[in-house]
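Next come the chains, spelled out residue by residue.
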Amino acid sequence: PEKFITVGEIMLRLTPPNYEKIRMTSTFEASYGGSEANIALALANLGVDSTFFSVVPNNSLGKSAIRMLRSNDVHCTPVILSTPEQTPTHRLGSYYLETGYGIRASKVTYDRKNSAITEFDFDTIDLKGLLEHFTWLHLSGITPALAPNCRKLTMECLKTARELGLTVSFDGNFRSTLWTWDEARDFCTQCLPYVDVLLGIEPYHLWRDEEDHSKGDVKDGIPFQPSYEQQDEIFQAFIDRYPNLRCIARHVRYAHSGSENSLKAFMWYEGHTFESKLFTFTILDRVGGGDAFASGLIYAMMHHYKPMDMINFAVASSAIKHTIRGDANITDDVDTIRNLMNMNYDIKR
Ligand code: KDG
(Lines give C-alpha, C1' and ligand atoms only; values in the text may rest on other atoms or scores of the structure.)
Protein backbone atom coordinates (compact mmCIF):
# COMPACT_ATOMS: atom_id res chain seq x y z
CA PRO A 1 0.00 0.00 0.00
CA GLU A 2 0.99 3.60 -0.61
CA LYS A 3 2.61 5.64 2.17
CA PHE A 4 2.17 9.38 1.77
CA ILE A 5 4.32 12.18 3.18
CA THR A 6 4.12 15.93 2.74
CA VAL A 7 6.37 18.76 3.92
CA GLY A 8 5.20 22.28 4.70
CA GLU A 9 4.01 24.81 7.23
CA ILE A 10 0.98 24.48 9.49
CA MET A 11 -0.51 27.75 10.70
CA LEU A 12 -3.03 28.97 13.20
CA ARG A 13 -6.03 30.41 11.36
CA LEU A 14 -8.05 33.17 13.03
CA THR A 15 -11.45 33.97 11.55
CA PRO A 16 -14.05 36.52 12.69
CA PRO A 17 -17.38 34.65 13.05
CA ASN A 18 -20.50 35.26 10.94
CA TYR A 19 -18.70 36.83 7.99
CA GLU A 20 -17.67 39.82 10.14
CA LYS A 21 -14.80 41.98 9.04
CA ILE A 22 -11.71 42.22 11.25
CA ARG A 23 -12.47 45.86 12.00
CA MET A 24 -15.88 44.95 13.43
CA THR A 25 -15.19 41.78 15.33
CA SER A 26 -14.47 41.15 18.99
CA THR A 27 -13.99 37.40 18.52
CA PHE A 28 -11.78 35.19 16.38
CA GLU A 29 -12.49 31.53 15.79
CA ALA A 30 -9.31 29.46 15.93
CA SER A 31 -8.56 26.59 13.58
CA TYR A 32 -5.53 25.46 11.59
CA GLY A 33 -4.48 25.77 7.98
CA GLY A 34 -1.57 25.24 5.65
CA SER A 35 -1.87 23.70 2.23
CA GLU A 36 0.25 20.60 2.86
CA ALA A 37 -1.28 19.96 6.29
CA ASN A 38 -4.74 20.22 4.71
CA ILE A 39 -3.81 17.55 2.19
CA ALA A 40 -2.24 15.26 4.81
CA LEU A 41 -5.42 15.52 6.82
CA ALA A 42 -7.79 14.97 3.90
CA LEU A 43 -5.90 11.87 2.80
CA ALA A 44 -5.84 10.47 6.34
CA ASN A 45 -9.61 11.03 6.39
CA LEU A 46 -9.91 8.92 3.27
CA GLY A 47 -7.94 6.13 4.94
CA VAL A 48 -4.50 6.73 3.40
CA ASP A 49 -1.39 6.22 5.55
CA SER A 50 -0.48 9.91 5.74
CA THR A 51 2.50 11.68 7.38
CA PHE A 52 3.31 15.36 7.87
CA PHE A 53 6.82 16.80 8.27
CA SER A 54 7.39 20.33 9.56
CA VAL A 55 8.92 22.43 12.31
CA VAL A 56 6.73 24.02 14.97
CA PRO A 57 7.73 25.72 18.21
CA ASN A 58 7.75 23.52 21.27
CA ASN A 59 5.06 25.54 23.02
CA SER A 60 1.32 25.20 23.44
CA LEU A 61 0.57 26.70 20.01
CA GLY A 62 2.91 24.36 18.13
CA LYS A 63 1.80 21.36 20.12
CA SER A 64 -1.91 22.13 19.63
CA ALA A 65 -1.45 22.31 15.87
CA ILE A 66 0.18 18.89 15.87
CA ARG A 67 -2.41 17.48 18.24
CA MET A 68 -5.14 18.55 15.80
CA LEU A 69 -3.42 16.64 12.97
CA ARG A 70 -2.83 13.58 15.16
CA SER A 71 -6.47 13.54 16.24
CA ASN A 72 -7.31 13.30 12.53
CA ASP A 73 -5.06 10.26 12.04
CA VAL A 74 -2.12 12.10 10.47
CA HIS A 75 1.24 10.68 11.57
CA CYS A 76 3.44 13.47 12.89
CA THR A 77 6.45 11.51 14.21
CA PRO A 78 8.95 13.41 12.00
CA VAL A 79 7.66 16.87 13.08
CA ILE A 80 10.37 18.82 14.89
CA LEU A 81 9.30 20.63 18.06
CA SER A 82 11.92 23.36 18.00
CA THR A 83 13.68 25.19 20.81
CA PRO A 84 14.48 28.95 20.89
CA GLU A 85 18.12 28.05 20.14
CA GLN A 86 17.06 26.37 16.90
CA THR A 87 14.44 28.92 15.86
CA PRO A 88 15.14 32.23 17.68
CA THR A 89 11.76 33.92 17.11
CA HIS A 90 10.19 30.59 18.05
CA ARG A 91 6.74 31.18 16.66
CA LEU A 92 3.92 29.39 14.90
CA GLY A 93 2.87 31.27 11.77
CA SER A 94 -0.71 32.46 11.68
CA TYR A 95 -3.17 33.95 9.29
CA TYR A 96 -6.39 35.89 9.49
CA LEU A 97 -9.28 35.12 7.20
CA GLU A 98 -12.11 37.54 6.64
CA THR A 99 -14.62 35.19 5.06
CA GLY A 100 -16.28 36.80 2.07
CA TYR A 101 -20.02 37.01 1.62
CA GLY A 102 -21.76 37.18 -1.74
CA ILE A 103 -19.96 39.74 -3.84
CA ARG A 104 -17.51 40.59 -1.03
CA ALA A 105 -14.42 38.44 -1.58
CA SER A 106 -12.57 36.70 1.24
CA LYS A 107 -9.39 38.35 2.43
CA VAL A 108 -6.28 36.68 3.84
CA THR A 109 -3.75 38.51 6.00
CA TYR A 110 -0.59 36.55 6.80
CA ASP A 111 1.27 36.92 10.07
CA ARG A 112 3.86 34.26 9.48
CA LYS A 113 7.22 35.98 9.03
CA ASN A 114 10.11 34.27 10.85
CA SER A 115 7.96 31.31 11.81
CA ALA A 116 9.77 28.26 13.20
CA ILE A 117 10.02 26.45 9.86
CA THR A 118 11.76 29.44 8.23
CA GLU A 119 14.53 29.55 10.84
CA PHE A 120 15.38 25.87 11.11
CA ASP A 121 18.62 24.49 9.67
CA PHE A 122 17.46 21.55 7.55
CA ASP A 123 21.06 20.54 6.82
CA THR A 124 20.89 18.76 10.18
CA ILE A 125 18.19 16.41 8.82
CA ASP A 126 18.82 13.10 7.06
CA LEU A 127 16.26 13.58 4.28
CA LYS A 128 17.06 10.28 2.64
CA GLY A 129 16.54 8.48 5.94
CA LEU A 130 13.21 10.28 6.30
CA LEU A 131 11.81 9.87 2.79
CA GLU A 132 12.87 6.27 2.19
CA HIS A 133 9.92 5.03 4.27
CA PHE A 134 7.39 6.50 1.83
CA THR A 135 6.02 5.90 -1.65
CA TRP A 136 4.52 9.34 -2.39
CA LEU A 137 5.78 12.88 -1.64
CA HIS A 138 3.66 16.00 -2.01
CA LEU A 139 5.07 19.54 -2.03
CA SER A 140 3.69 22.94 -2.89
CA GLY A 141 4.93 26.29 -4.13
CA ILE A 142 4.08 27.85 -0.76
CA THR A 143 6.99 26.30 1.17
CA PRO A 144 9.76 27.55 -1.16
CA ALA A 145 8.19 31.03 -1.05
CA LEU A 146 8.63 31.27 2.71
CA ALA A 147 12.41 31.64 3.12
CA PRO A 148 15.75 30.54 1.59
CA ASN A 149 16.06 27.50 3.91
CA CYS A 150 12.59 26.34 2.85
CA ARG A 151 13.44 26.83 -0.81
CA LYS A 152 16.53 24.66 -0.37
CA LEU A 153 14.52 22.08 1.59
CA THR A 154 11.92 21.85 -1.20
CA MET A 155 14.55 21.29 -3.88
CA GLU A 156 16.43 18.71 -1.80
CA CYS A 157 13.24 16.82 -1.01
CA LEU A 158 12.43 16.70 -4.73
CA LYS A 159 15.87 15.42 -5.69
CA THR A 160 15.96 12.86 -2.88
CA ALA A 161 12.46 11.61 -3.70
CA ARG A 162 13.42 11.19 -7.34
CA GLU A 163 16.56 9.26 -6.32
CA LEU A 164 14.49 6.99 -4.07
CA GLY A 165 11.79 6.45 -6.72
CA LEU A 166 8.85 8.05 -4.87
CA THR A 167 5.92 9.44 -6.84
CA VAL A 168 6.05 13.23 -6.52
CA SER A 169 3.11 15.61 -6.74
CA PHE A 170 3.65 19.36 -6.75
CA ASP A 171 1.02 22.09 -6.47
CA GLY A 172 2.21 25.47 -7.80
CA ASN A 173 -0.05 27.27 -5.28
CA PHE A 174 1.16 30.76 -6.23
CA ARG A 175 0.82 33.24 -3.35
CA SER A 176 1.54 36.75 -4.59
CA THR A 177 2.10 38.13 -1.09
CA LEU A 178 4.96 35.68 -0.47
CA TRP A 179 7.00 36.06 -3.67
CA THR A 180 6.83 37.52 -7.14
CA TRP A 181 5.45 35.67 -10.13
CA ASP A 182 8.91 35.73 -11.76
CA GLU A 183 10.47 34.09 -8.71
CA ALA A 184 7.69 31.50 -8.55
CA ARG A 185 7.93 30.69 -12.25
CA ASP A 186 11.70 30.29 -12.13
CA PHE A 187 11.61 28.06 -9.07
CA CYS A 188 8.68 25.94 -10.25
CA THR A 189 10.40 25.44 -13.60
CA GLN A 190 13.47 24.12 -11.80
CA CYS A 191 11.23 21.66 -9.94
CA LEU A 192 9.65 20.18 -13.08
CA PRO A 193 12.25 17.49 -13.86
CA TYR A 194 11.47 15.88 -10.49
CA VAL A 195 7.67 15.96 -10.63
CA ASP A 196 5.20 13.25 -11.75
CA VAL A 197 1.94 15.04 -11.00
CA LEU A 198 1.69 18.79 -11.55
CA LEU A 199 -1.19 20.74 -10.06
CA GLY A 200 -2.31 24.29 -9.56
CA ILE A 201 -0.05 25.93 -12.07
CA GLU A 202 -0.49 26.19 -15.79
CA PRO A 203 2.22 24.82 -18.01
CA TYR A 204 1.25 27.74 -20.21
CA HIS A 205 2.28 30.15 -17.51
CA LEU A 206 5.51 28.39 -16.69
CA TRP A 207 6.50 28.03 -20.28
CA ARG A 208 9.03 30.62 -21.27
CA ASP A 209 10.10 30.14 -24.78
CA GLU A 210 13.23 32.12 -25.56
CA GLU A 211 11.70 32.96 -28.94
CA ASP A 212 8.35 34.11 -27.62
CA HIS A 213 8.24 35.72 -24.21
CA SER A 214 4.54 36.44 -24.53
CA LYS A 215 3.84 32.77 -23.73
CA GLY A 216 4.50 33.40 -20.07
CA ASP A 217 2.80 36.79 -19.91
CA VAL A 218 1.28 38.16 -16.75
CA LYS A 219 -1.22 40.93 -17.40
CA ASP A 220 -2.30 43.16 -14.52
CA GLY A 221 -0.79 40.65 -12.08
CA ILE A 222 -2.94 37.80 -13.45
CA PRO A 223 -1.33 35.07 -15.53
CA PHE A 224 -2.87 35.18 -18.98
CA GLN A 225 -5.50 32.46 -19.66
CA PRO A 226 -4.78 30.44 -22.80
CA SER A 227 -7.41 28.99 -25.14
CA TYR A 228 -7.98 25.20 -25.35
CA GLU A 229 -6.00 24.96 -28.59
CA GLN A 230 -3.09 26.87 -27.11
CA GLN A 231 -3.17 24.63 -24.04
CA ASP A 232 -3.05 21.43 -26.03
CA GLU A 233 -0.08 22.71 -27.95
CA ILE A 234 1.73 23.76 -24.77
CA PHE A 235 0.94 20.49 -22.96
CA GLN A 236 2.53 18.59 -25.79
CA ALA A 237 5.64 20.75 -25.87
CA PHE A 238 5.82 20.57 -22.10
CA ILE A 239 5.66 16.78 -21.99
CA ASP A 240 8.33 16.56 -24.66
CA ARG A 241 10.62 18.60 -22.46
CA TYR A 242 9.68 16.91 -19.17
CA PRO A 243 8.85 13.28 -20.00
CA ASN A 244 8.68 12.46 -16.29
CA LEU A 245 5.32 14.33 -16.05
CA ARG A 246 2.52 11.73 -15.94
CA CYS A 247 -0.33 13.99 -15.03
CA ILE A 248 -1.08 17.70 -15.21
CA ALA A 249 -4.34 18.84 -13.70
CA ARG A 250 -5.95 22.10 -12.79
CA HIS A 251 -9.35 23.11 -11.58
CA VAL A 252 -11.17 26.21 -12.65
CA ARG A 253 -13.82 28.00 -10.63
CA TYR A 254 -16.39 30.12 -12.42
CA ALA A 255 -18.13 32.67 -10.24
CA HIS A 256 -21.75 33.27 -11.32
CA SER A 257 -22.13 35.75 -8.50
CA GLY A 258 -20.01 36.06 -5.36
CA SER A 259 -21.16 32.87 -3.69
CA GLU A 260 -22.76 30.85 -6.54
CA ASN A 261 -19.87 29.07 -8.19
CA SER A 262 -19.19 26.27 -10.60
CA LEU A 263 -16.12 24.13 -10.67
CA LYS A 264 -14.62 21.92 -13.30
CA ALA A 265 -11.20 20.53 -14.04
CA PHE A 266 -8.96 19.67 -16.93
CA MET A 267 -6.41 16.94 -16.84
CA TRP A 268 -3.69 15.78 -19.14
CA TYR A 269 -2.95 12.16 -18.26
CA GLU A 270 -0.55 9.85 -20.04
CA GLY A 271 -1.07 11.43 -23.44
CA HIS A 272 -4.78 12.23 -23.32
CA THR A 273 -6.82 15.24 -22.22
CA PHE A 274 -9.85 14.88 -19.94
CA GLU A 275 -12.48 17.39 -18.86
CA SER A 276 -14.47 16.79 -15.68
CA LYS A 277 -18.15 17.22 -14.95
CA LEU A 278 -19.29 20.65 -13.83
CA PHE A 279 -20.37 21.10 -10.22
CA THR A 280 -22.36 24.13 -9.11
CA PHE A 281 -22.66 25.10 -5.45
CA THR A 282 -22.94 27.90 -2.93
CA ILE A 283 -19.69 28.70 -1.18
CA LEU A 284 -19.47 28.49 2.59
CA ASP A 285 -15.66 28.61 2.84
CA ARG A 286 -13.51 28.40 -0.25
CA VAL A 287 -10.08 28.29 1.42
CA GLY A 288 -8.50 24.90 0.84
CA GLY A 289 -10.54 24.12 -2.30
CA GLY A 290 -7.32 23.54 -4.26
CA ASP A 291 -5.97 21.28 -1.53
CA ALA A 292 -9.17 19.22 -1.59
CA PHE A 293 -8.76 18.91 -5.37
CA ALA A 294 -5.15 17.77 -4.88
CA SER A 295 -6.00 15.26 -2.16
CA GLY A 296 -8.86 13.87 -4.27
CA LEU A 297 -6.62 13.44 -7.27
CA ILE A 298 -3.81 11.86 -5.24
CA TYR A 299 -6.29 9.45 -3.63
CA ALA A 300 -7.77 8.49 -6.99
CA MET A 301 -4.34 7.96 -8.55
CA MET A 302 -3.19 5.89 -5.60
CA HIS A 303 -6.25 3.69 -6.03
CA HIS A 304 -5.85 3.35 -9.80
CA TYR A 305 -9.14 4.98 -10.75
CA LYS A 306 -9.83 5.33 -14.47
CA PRO A 307 -8.78 8.80 -15.72
CA MET A 308 -12.37 10.18 -15.96
CA ASP A 309 -13.10 8.93 -12.45
CA MET A 310 -9.84 10.42 -11.20
CA ILE A 311 -10.67 13.90 -12.38
CA ASN A 312 -14.34 13.72 -11.33
CA PHE A 313 -13.40 12.45 -7.87
CA ALA A 314 -10.90 15.31 -7.49
CA VAL A 315 -13.43 17.96 -8.52
CA ALA A 316 -16.17 16.45 -6.33
CA SER A 317 -13.74 16.52 -3.38
CA SER A 318 -13.03 20.19 -4.01
CA ALA A 319 -16.72 21.05 -4.52
CA ILE A 320 -17.64 19.48 -1.17
CA LYS A 321 -14.83 21.35 0.56
CA HIS A 322 -16.39 24.66 -0.52
CA THR A 323 -19.39 23.74 1.67
CA ILE A 324 -17.28 22.94 4.76
CA ARG A 325 -15.95 25.53 7.18
CA GLY A 326 -12.21 25.43 7.79
CA ASP A 327 -9.22 24.88 5.51
CA ALA A 328 -9.28 21.11 5.32
CA ASN A 329 -11.77 18.69 3.82
CA ILE A 330 -12.16 17.32 7.29
CA THR A 331 -15.39 15.39 7.28
CA ASP A 332 -15.71 13.63 3.99
CA ASP A 333 -15.23 9.98 3.30
CA VAL A 334 -14.72 8.16 0.03
CA ASP A 335 -18.40 7.19 -0.38
CA THR A 336 -19.63 10.76 0.08
CA ILE A 337 -17.24 12.04 -2.56
CA ARG A 338 -18.08 9.16 -4.92
CA ASN A 339 -21.80 9.87 -4.52
CA LEU A 340 -21.29 13.48 -5.46
CA MET A 341 -19.01 12.52 -8.31
CA ASN A 342 -21.87 10.40 -9.67
CA MET A 343 -24.21 13.40 -9.22
CA ASN A 344 -26.11 11.58 -6.50
CA TYR A 345 -27.51 14.29 -4.22
CA ASP A 346 -29.94 12.00 -2.33
CA ILE A 347 -30.28 12.13 1.43
CA LYS A 348 -28.43 9.24 3.09
CA ARG A 349 -30.41 7.37 5.77
O1 KDG B 1 -4.72 26.26 0.12
C2 KDG B 1 -5.16 26.71 1.37
C3 KDG B 1 -4.07 27.49 1.99
O4 KDG B 1 -3.90 28.69 1.26
C5 KDG B 1 -4.32 27.82 3.42
O6 KDG B 1 -4.51 26.67 4.18
C7 KDG B 1 -3.23 28.66 4.00
O8 KDG B 1 -1.31 27.41 3.39
C9 KDG B 1 -1.89 28.45 3.38
C10 KDG B 1 -1.25 29.58 2.71
O11 KDG B 1 -0.03 29.65 2.78
O12 KDG B 1 -1.92 30.38 2.09
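Keep in mind that this is a model prediction, so the values were computed, not measured.

## Quick look at the overall build of the protein chain
Moving on, step 1. Along the protein chain, the regular secondary structure elements total 12 helices and 17 strands.
Moving on, step 2. Against the globule reference of 20 Å for 349 residues, the protein chain gives a C-alpha radius of gyration of 19 Å, in line with a compact fold.
Moving on, step 3. The principal-axis extents of the C-alpha atoms in the protein chain amount to approximately 55 × 45 × 45 Å.
Moving on, step 4. In the protein chain, which comprises 349 residues, the proportion classed as buried is 44%.

## Section: the site of the ligand
Moving on, step 1. Surveying the vicinity of the ligand reveals the residues Gly-33, Gly-34, Ser-35, Asn-38, Ile-142, Arg-175, Val-287, Gly-288, Gly-290, Asp-291 and Asp-327.
Moving on, step 2. Secondary-structure elements contributing two or more residues to the shell around the ligand are helix H1 (35-45) and helix H10 (289-302).
Moving on, step 3. Class assignment of the residues belonging to the shell around the ligand gives a composition of two nonpolar, six polar and three charged.

## Thoughts on the packing of H10 against helix H11 (residues 307-321)
Moving on, step 1. Look at H10 against H11: their axes get within 7 Å of each other, and the N-to-C directions meet at 150°. Two packed elements cross with a definite hand, and for H10 against H11 that hand is right-handed. Along the contact surface, H10 presents Gly-289, Ala-292, Phe-293, Ser-295, Gly-296, Leu-297, Ala-300 and Met-301, while H11 presents Asp-309, Met-310, Phe-313, Ala-314, Val-315, Ala-316, Ser-317, Ser-318 and Lys-321.
Moving on, step 2. Tallied by class, the residues present in the contact of H10 with H11 amount to 10 nonpolar, five polar and two charged.

## So, helix H6 (residues 148-164)
Moving on, step 1. End to end, H6 covers 24 Å across 17 residues, agreeing with the expected 24 Å (1.5 Å per residue, within 8%).
Moving on, step 2. When we look at burial in H6, the residues that qualify are Cys-150, Leu-153, Thr-154, Cys-157, Leu-158 and Ala-161. Taken end-on, H6 shows its buried residues confined to a sector of 135°, consistent with a single buried face.
Moving on, step 3. Of the residues one or two after H6, Gly-165 is the one with positive phi, at around 80°.

## Overview of the environment of Thr-135
Moving on, step 1. Here Thr-135 shows up in the loop between helix H4 (127-131) and strand E9 (136-140).
Moving on, step 2. Ignoring anything within four residues of it in the chain, the contact list for Thr-135 reads Glu-2, Lys-3, Leu-166 and Thr-167.

## Here's the deal with the confidence of the model for the protein chain
Moving on, step 1. For the protein chain, mean pLDDT is 90; residues scoring 70 or higher make up 92% of the total.
Moving on, step 2. Predicted complex, confidence summary: ipTM 0.95, pTM 0.94.

## Focus: the nonpolar core
Moving on, step 1. Judged by nonpolar contacts, the single largest core of 88 residues is most densely connected at Leu-43, Leu-297 and Ala-314.
Moving on, step 2. Beyond its immediate chain neighbours, meaning those up to four positions away, Leu-43 contacts Phe-4, Val-48, Ser-50, Ser-295, Ile-298 and Tyr-299.

## Here's the deal with unusual backbone geometry
Moving on, step 1. Even without being a glycine, Asn-114 presents a positive backbone phi close to 55°.
Moving on, step 2. Summarising the element assignment, Asn-114 is placed in the loop between strand E8 (107-111) and helix H3 (116-119).
Moving on, step 3. The backbone phi angle of Asn-173 is positive, close to 40°, even though this residue is not glycine.
Moving on, step 4. Here Asn-173 is to be found in the loop between strand E10 (167-171) and helix H7 (181-191).

## Quick word on the packing of H11 against helix H12 (residues 334-341)
Moving on, step 1. Here H11 crosses H12 at 105°, and the two axes come no closer than 8 Å. By the criterion of interaxial angle, the relationship of H11 to H12 is roughly perpendicular. Residues Asn-312, Phe-313, Ala-316, Ser-317, Ala-319 and Ile-320 of H11 form the contact with H12, whose own contacting residues are Thr-336, Ile-337, Arg-338, Leu-340 and Met-341.
Moving on, step 2. Residue composition of the contact of H11 with H12, grouped by class: seven nonpolar, three polar and one charged.

## Observations concerning the sheet that holds strand E3 (residues 29-33)
Moving on, step 1. With mixed pairing, four strands are arranged side by side in an open sheet as E3-E2-E7-E8. Unpaired on one side and paired on the other, E3 and E8 mark the two borders of the sheet. In this sheet, adjacent strand axes meet at a mean angle of 25° when their direction is disregarded.
Moving on, step 2. Pairing between strand E2 (residues 11-15) and strand E7 (residues 94-98): three bridges, direction parallel. Paired with Arg-13 across the bridge in E7 is Tyr-95.

## Some details on the environment of Val-74
Moving on, step 1. Inspection of the secondary structure assignment puts Val-74 in the loop between helix H2 (60-71) and strand E6 (80-82).
Moving on, step 2. We classify Val-74 as buried; it has 26 C-beta atoms within 10 Å.
Moving on, step 3. Taking the C-alpha atoms as reference points, Val-74 and Thr-51, 23 residues apart in sequence, are found 5.6 Å from one another.

## Considerations on H11
Moving on, step 1. Helix length check: H11 (15 residues) gives 21 Å between terminal C-alpha atoms against 21 Å at 1.5 Å per residue, within 8%.
Moving on, step 2. Listing the buried residues of H11 in full gives Met-310, Ile-311, Asn-312, Phe-313, Ala-314, Val-315, Ala-316, Ser-317, Ser-318, Ala-319, Ile-320 and Lys-321.
Moving on, step 3. Contacts from the buried residues of H11 go to strand E14 (247-255), strand E15 (260-269), strand E16 (272-275), strand E17 (279-282), H10 and H12.

## Topic: the pairing of E15
Moving on, step 1. Judged from the nine bridges that link them, E14 and E15 form a sheet pairing that is antiparallel. Residue pairing for E15: Tyr-254 is matched across the bridge by Ser-262.
Moving on, step 2. Linking E14 to E15, which pair antiparallel, is a turn of four residues.
Moving on, step 3. Note that E15 and E17 share four bridges and pair antiparallel. Paired with Ser-262 across the strands is Thr-280, a residue of E17.
Moving on, step 4. Taken together, the four bridges between E15 and E16 define a ladder with antiparallel strand orientation. Each residue of the ladder has a partner; that of Phe-266, found in E16, is Glu-275.
Moving on, step 5. Taken together, E15 and the strand that follows it, E16, pair antiparallel across an intervening segment of two residues, in which Glu-270 is found at a positive phi of about 45°.

What counts and how
Numbers given for residues are sequential positions, taken from 1 along each chain in its written order. Only residues with pLDDT of at least 70 are given local features in this predicted model, and only at 80 or more are side-chain atom pairs given and counted; all residues enter the totals for whole chains, interfaces and linings. Helix and strand assignments come from DSSP, with helices taken as H or I runs of at least 4 residues and strands as E runs of at least 2, each series counted from the N terminus. For the radius of gyration, the atom set is restricted to C-alpha positions; the globular benchmark scales as 2.2 Å times the number of residues to the power 0.38. Here the C-beta atoms are placed from the backbone, and a residue counts as buried if at least 20 other C-beta atoms lie within 10 Å of its own, exposed if 12 or fewer do, and partly exposed otherwise. By definition, a residue lies near a molecule or strand provided its backbone-derived C-beta atom is within 6 Å of it. We call Asp, Glu, Lys and Arg charged. Ala, Val, Leu, Ile, Met, Phe, Trp, Tyr, Cys and Pro are nonpolar, and the rest, Gly among them, are polar. Lines fitted to C-alpha atoms define the axes, with helix axes restricted to the stretch in contact, and inter-axis angles between N-to-C directions lie between 0 and 180 degrees. A clockwise turn of the near helix away from the far one marks a right-handed crossing, whereas an anticlockwise turn of less than a right angle marks a left-handed crossing. Any pair of residues counts as being in contact when their C-beta atoms, constructed from backbone geometry, are within 7 Å of one another. Helices are assigned an expected span. That span is 1.5 Å times one less than the residue count. Comment: arc refers to directions from the helix axis out to C-beta atoms. pLDDT is a per-residue confidence score from the predictor, ranging from 0 to 100. Take the buried Ala, Val, Leu, Ile, Met, Phe, Trp, Tyr and Cys residues, join any whose C-beta atoms are within 7 Å, and the set you get is a nonpolar core. Roughly parallel means an angle under 35 degrees; roughly antiparallel, over 145; roughly perpendicular, 65 to 115; everything else is oblique. For two strands to be treated as a pair, DSSP must find no fewer than two bridges joining them.

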